[in-house]
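Each chain, written out:
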Amino acid sequence: MAGELAINLATTRGSWGFAEAADGCLQRGISAIAPWRDQIEAIGLAEAARLVQSEGLRVTGLCRGGMFPAKTATGRQAAIDDNKRAVDEAAALGAACLVLVVGGLPGSSRDLSAARAMVEDGLAAMLPHARSVGMPLAIEPLHPMYAADRACVNTLDQALDLCDLFGEGVGVAIDVYHVWWDPKLPAAIARAGRMNCILAHHICDWLVPTRDMLLDRGMMGDGVIDLADIRRMIEAAGYHGPEEVEIFSRDNWWRQPGDTVLATCVERHANLQNQE
């Protein structure tokens, strides 16, 4: 059975804030959402949590924590402190997990190994707090094109190695945009299933050509990713949770009305279910 449709609120960022996006989703029968911290800050954590509870919303994840590497010890500590706040925000919203984009090379550094060590140190420092409030941490590996500035964890296997290292309370978010290209993906998804650590599944599409590395994701069906095949692998690995649409699209979907974006998400997800 294909996954329930969830909407990452990055998808409607162009026209809607948190309250408008939540209402738009509910009007279309979508009760699973994943907001971003700046969207929560804009409305206030208490009000966002009130809306989640009163409207019967489910928060599939809060985006995002991470960004651990920094040039100085002070900067690294500030990142750890901010991640602990993110854990508390996720807990207040009843989120299923806190998604982590771990960060890249700090400053002008070329030392990728050192950056990855800072990620491990940051995770080790925040994990006790996350465990104390029962908030799972979902490491999201990002495409290698982001290794320098956004995430030095670039394959699902790298993320799973961190899950192996830290154990309880650490899992992965599998975003097709970032992992579809990996020839080792089938084995890595099967490994994640054996470890029981798949916490989220994000979907969109890879456009050819891609005009912007960050802000030109495609709607499902408009690109080259075999979404149905990846979902089959994920379900075979034991994950049957939501398929969360997460689209950054500055020049297309963010320019369209939120209702249009959601209607297209619903239609394309239904098409995807037929393929699965």
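Residues numbered from 1 in each chain as written. Predicted model: local features only at pLDDT ≥ 70, side-chain atom pairs only at ≥ 80, totals over all residues. Heavy atoms only, no water.

### Side note on the overall build of the protein chain
Logical step 1: From N to C terminus, the protein chain includes ten helices and nine strands.
Logical step 2: Since a compact globule built from 276 residues should have a radius of gyration of about 19 Å, the 18 Å found for the protein chain is in line with a globular shape.
Logical step 3: Its C-alpha atoms put the protein chain at 45 × 45 × 35 Å along the principal axes.
Logical step 4: Long-range contacts, defined as pairs at least 24 residues apart, comprise 79% of the intrachain contacts of the protein chain with a sequence gap of at least 6.
Logical step 5: As displayed, the protein chain has an accessible area near 11,500 Å², and 50% of this comes from carbon and sulfur atoms.
Logical step 6: The protein chain carries 24 positive and 36 negative side-chain charges, and their two centres are separated by 4 Å. (Helix = DSSP H or I, 4+ residues; strand = E, 2+ residues; numbered from the N terminus. Rg over C-alpha atoms; globule rule 2.2 N^0.38 Å. Contact = heavy atoms within 4.5 Å. Areas by Shrake-Rupley, 256 points an atom, 1.4 Å probe, with all protein chains shown as cover. Lys, Arg positive; Asp, Glu negative; His and termini not counted. Charge placed at Lys NZ, Arg CZ, Asp CG, Glu CD.)

### Some points on the packing of aromatic side chains
Logical step 1: Tallying each qualifying case throughout the model produces four aromatic pairs.
Logical step 2: Relative to phenylalanine 248, the ring of tryptophan 36 has its centre 5.8 Å away and its plane inclined at 70 degrees; by these criteria the two rings are edge-to-face. Here tryptophan 36 is found in the loop between β2 (32-34) and α2 (37-43), whereas its partner phenylalanine 248 is found in the loop between β9 (243-245) and α10 (258-275), with 212 residues between them in sequence.
Logical step 3: Judged by centre distance (5.7 Å) and plane angle (50 degrees), the rings of tryptophan 180 and tryptophan 206 are tilted. (Phe/Tyr/Trp six-rings, centres within 6.5 Å; stacked < 30°, edge-to-face > 60°.)

### Some points on the environment of glycine 75
Logical step 1: Structurally, glycine 75 is set in helix α4 (residues 73-93).
Logical step 2: According to the relative accessible area criterion, glycine 75 is partly exposed, its value standing at 24%. (Buried < 20%, exposed > 50% of the residue type's maximum accessible area, 1.4 Å probe, protein only.)

### Examining the nonpolar core
Logical step 1: Residues Ile7, Leu98, Leu123, Leu137, Ile139, Val172 and Ile189 are the most contacted members of the largest nonpolar core, which totals 80 residues.
Logical step 2: If we skip the residues at most four places from it in the chain, leucine 98 touches Leu62, Arg64, Gly65, Asn83, Ala86, Val87, Ala90, Met126, Met135, Pro136, Leu137 and Ala138.
Logical step 3: Counting eleven residues, the second-largest nonpolar core is a separate cluster that includes Trp36, Cys97, Leu215 and Trp254. (Core = buried A, V, L, I, M, F, W, Y, C linked by side-chain atoms within 4.5 Å.)

### Here we look at the layout of surface pockets
Logical step 1: Considered as a void within the structure, the largest pocket measures approximately 280 Å³ in volume.
Logical step 2: As for the largest pocket, its lining consists of 19 residues, of which Trp36, Arg64, Arg150, Leu214 and Phe248 are closest to the centre.
Logical step 3: If you list the elements that add at least two residues to the lining of the largest pocket, you get β4 (62-66) and β5 (98-101).
Logical step 4: Along the lines of polarity and charge, the residues of the lining of the largest pocket split into eleven nonpolar, one polar and seven charged. (1 Å grid on protein atoms, 1.4 Å probe; cavity = no way out; pocket = protein on both sides within 12 Å on 5 of 7 lines; lining within 4 Å. Points joined across faces, edges and corners; volume = space filled by probe spheres on them. Nonpolar A, V, L, I, M, F, W, Y, C, P; charged D, E, K, R; others polar.)

### Observations concerning the sheet that holds strand β1 (residues 5-8)
Logical step 1: Reading across the sheet, the nine strands line up as β3-β2-β1-β9-β8-β7-β6-β5-β4 and stay open at both edges, with parallel pairing between neighbours. In this open sheet, the two strands that pair with only one neighbour each are β3 (58-59) and β4.
Logical step 2: Bridge analysis of β1 against β9 gives three bridges, and the strand direction is parallel. If you follow leucine 5 over to β9, its bridge partner there is glutamate 243.
Logical step 3: Strands in contact with helix α5 (residues 112-132) are β5, β6 (137-139) and β7 (170-175); relative to β6, the strand with the most contacts, it is inclined by about 145 degrees. (Pairing = 2+ DSSP bridges. Axes fitted to C-alpha atoms, helices over the stretch in contact; angles between N-to-C directions.)

### Considering helix α3 (residues 45-54)
Logical step 1: Every buried residue of α3 is listed here: Ala48, Ala49, Leu51 and Val52. One face of α3 carries all of its buried residues, which in axial projection span an arc of 160 degrees. The exposed set on the far side of α3, more than 90 degrees from its buried face, consists of Ala46 and Gln53.
Logical step 2: In the core, the buried residues of α3 are packed alongside α1 (18-27), α2, β3 and α4. (Arc of directions from axis to C-beta.)

### Re the environment of glutamate 244
Logical step 1: Structurally, glutamate 244 is set in strand β9.
Logical step 2: C-alpha separation for the pair glutamate 244 and isoleucine 203, spaced 41 residues apart in sequence, amounts to 5.8 Å.
Logical step 3: The residues contacting glutamate 244, other than those within four sequence positions of it, are Ala6, Ile7, Asn8, Ala34, Thr60, His201, His202 and Ile203.
Logical step 4: At 2.8 Å, the side chain of glutamate 244 and the side chain of threonine 60 are in polar contact. (Polar contact = N/O pair within 3.5 Å; in protein donor to acceptor, adjacent residues only side chain to side chain.)

### With respect to the pairing of β4
Logical step 1: Counting buried positions along β4 yields four of five residues, so the element is predominantly enclosed.
Logical step 2: Pairing between β4 and β5: four bridges, direction parallel. Its bridge partner being in β5, glycine 65 is matched across the sheet by leucine 100.

### Some details on the state of the cysteines
Logical step 1: A full pass over the atoms with the stated rule returns zero disulfides.
Logical step 2: Cysteine 97 takes part in no disulfide bond, and the closest cysteine sulfur to it belongs to cysteine 63, at a distance of 7.9 Å.
Logical step 3: Judged by its relative accessible area of 0%, cysteine 97 falls in the buried class.
Logical step 4: In this structure cysteine 152 is not part of a disulfide, and its nearest cysteine sulfur, from cysteine 163, lies 15 Å away. (Disulfide = S-S within 2.5 Å.)

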